[in-house]
Amino acid sequence: MKTIGIFYGSSTGNTQDAAKIIAQKLGTENVFDVGNVSTDQLAKYDVLIFGSSTWGIGDLQDDWEGFISQVKAQNLSGKIVAVFGCGDSSSYADSFCDAIGIIAKTANAAGAEIIGKVDTSNYSYDDSQAVENGKFLGLALDIENEDDKTNSRINAWIEQLKREAKL
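What you are looking at is a predicted structure, and each value in this text was computed from that prediction instead of being measured. (Residues numbered from 1 in each chain as written. Predicted model: local features only at pLDDT ≥ 70, side-chain atom pairs only at ≥ 80, totals over all residues. Heavy atoms only, no water.)

1. Quick notes on the overall build of the protein
Inference 1: When helices and strands are counted, the protein shows four helices and ten strands.
Inference 2: Computed over its C-alpha atoms, the radius of gyration of the protein comes to 14 Å, within 12% of the 15 Å expected for a compact globule of 167 residues.
Inference 3: In terms of overall dimensions, the protein has a C-alpha envelope of 40 × 30 × 30 Å along the principal axes.
Inference 4: Of the contacts formed within the protein by residues at least 6 apart in sequence, a portion of 74% connects residues at least 24 apart.
Inference 5: Of the roughly 7,700 Å² of accessible surface on the protein, a fraction of 41% belongs to carbon and sulfur atoms. (Helix = DSSP H or I, 4+ residues; strand = E, 2+ residues; numbered from the N terminus. Rg over C-alpha atoms; globule rule 2.2 N^0.38 Å. Contact = heavy atoms within 4.5 Å. Areas by Shrake-Rupley, 256 points an atom, 1.4 Å probe, with all protein chains shown as cover.)

What follows is the structure in structure tokens.
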């Protein structure tokens, strides 16, 4: 059985709440706040799930600022990585969930296989660094404006991850 580690950064609690829901649905207790953990922990897991909110105009959540540079230095070859993020598609439509793209591209450059890409057609936004070929590079959540879709989006993504990672 593949081991799963969830690593998140959260300023208001939304990303932390999403991380806990995802962990519960995947049956793992390995959930870490990136502000309080070393990237050495990444080596312990086959599947890494990274979560971050996007702040301002496309900025990573504060705790991710230091953690992401450490992720760049890791060898993630053989690791499966999925990314989720929280954003505000109304106030920041031009940089909606950019953190997903920043993290996914960093993990991929470090050798990881990225899974869990989500079709953008059911979202309202203008632009995002998280989009490639019509798909978000992970699960985009807009708890501020579309909270009514959060549970169904998480549930669908969990089922997708189970298929793609063979969990």
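2. Here we look at the pairing of strand S1 (residues 4–9)
Inference 1: Burial of S1 is extensive: six of the six residues sit out of reach of the surface.
Inference 2: Two elements, S1 and strand S3 (residues 47–55), share six bridges in a ladder whose sense is parallel. From the neighbouring strand, Gly 5 faces S3, where its bridge partner is Leu 48.
Inference 3: As for the winding sense of the linkage, the β-α-β connection from S1 through helix H1 (residues 14–26) to strand S2 (residues 31–33) is right-handed. (Buried < 20%, exposed > 50% of the residue type's maximum accessible area, 1.4 Å probe, protein only. Pairing = 2+ DSSP bridges. Right-handed = clockwise from strand over helix to strand, strands pointing away.)

3. Brief notes about helix H2 (residues 62–72)
Inference 1: Of all the positions in H2, only Trp 64, Phe 67, Ile 68 and Val 71 are classed as buried. Looking straight down H2, one finds that the buried residues subtend no more than 110° of arc, so they occupy a single side.
Inference 2: Among the structural elements, S1, S3, strand S4 (59–60) and helix H3 (98–109) are those in contact with the buried residues of H2.
Inference 3: A distance of 2.9 Å separates the backbone nitrogen of Asp 63 from a side-chain oxygen at the start of H2, and that oxygen is part of Gln 61. (Arc of directions from axis to C-beta. Polar contact = N/O pair within 3.5 Å; in protein donor to acceptor, adjacent residues only side chain to side chain.)

4. Here we look at the side chain of Thr 54
Inference 1: Of note, Thr 54 is situated in strand S3.
Inference 2: You can call Thr 54 buried: its relative accessible area is 14%.
Inference 3: A distance of 2.9 Å separates a polar atom in the side chain of Thr 54 from the backbone nitrogen of Ala 99.
Inference 4: The contacts of Thr 54, once residues within four sequence positions are left out, are Asp 59, Cys 86, Ser 95, Cys 97, Asp 98 and Ala 99.

5. Section: the packing of aromatic side chains
Inference 1: As enumerated under the stated definition, the model contains 13 aromatic pairs in all.
Inference 2: Plain terms: the ring middles of Phe 7 and Tyr 45 are 6.1 Å apart, the flat faces sit at 70° to each other, and that makes the pair edge-to-face. In this pair, Phe 7 is assigned in strand S1 and Tyr 45 in the loop between S2 and S3, connecting sequence segments 38 residues apart. Like Phe 7, the residue Tyr 45 is buried in the burial classification. (Phe/Tyr/Trp six-rings, centres within 6.5 Å; stacked < 30°, edge-to-face > 60°.)

6. So, H3
Inference 1: Over its twelve residues, H3 extends 17 Å from the first C-alpha to the last, a length consistent with the 16 Å expected when each residue adds 1.5 Å.
Inference 2: For H3, every residue scored as buried is listed here: Asp 98, Ala 99, Ile 100, Gly 101, Ile 103, Ala 104, Thr 106 and Ala 107.
Inference 3: On its buried side, H3 packs onto S3, S4, H2, strand S5 (80–86), strand S6 (113–115) and strand S10 (139–141).
Inference 4: Positive backbone phi, approximately 110°, marks Gly 111, located one or two places after H3. (Expected span 1.5 Å × (residues − 1).)

7. Points about the pattern of salt bridges
Inference 1: Applying the stated rule across the entire model yields three salt bridges.
Inference 2: Among the salt bridges present, the one from Arg 153 reaches Glu 146, with a minimum N-O distance of 2.8 Å. Each member of the pair, Arg 153 together with Glu 146, is buried.
Inference 3: Between Lys 162 and Glu 159 there is a salt bridge whose closest N-O contact spans 3.6 Å. Taken together, the positions of Lys 162 and Glu 159, both in helix H4 (residues 150–164) and three residues apart, correspond to about one turn of that helix.
Inference 4: Through salt bridges with shared partners, a single network forms among Glu 146, Lys 149 and Arg 153. (Salt bridge = Lys/Arg side-chain N within 4 Å of Asp/Glu carboxyl O.)

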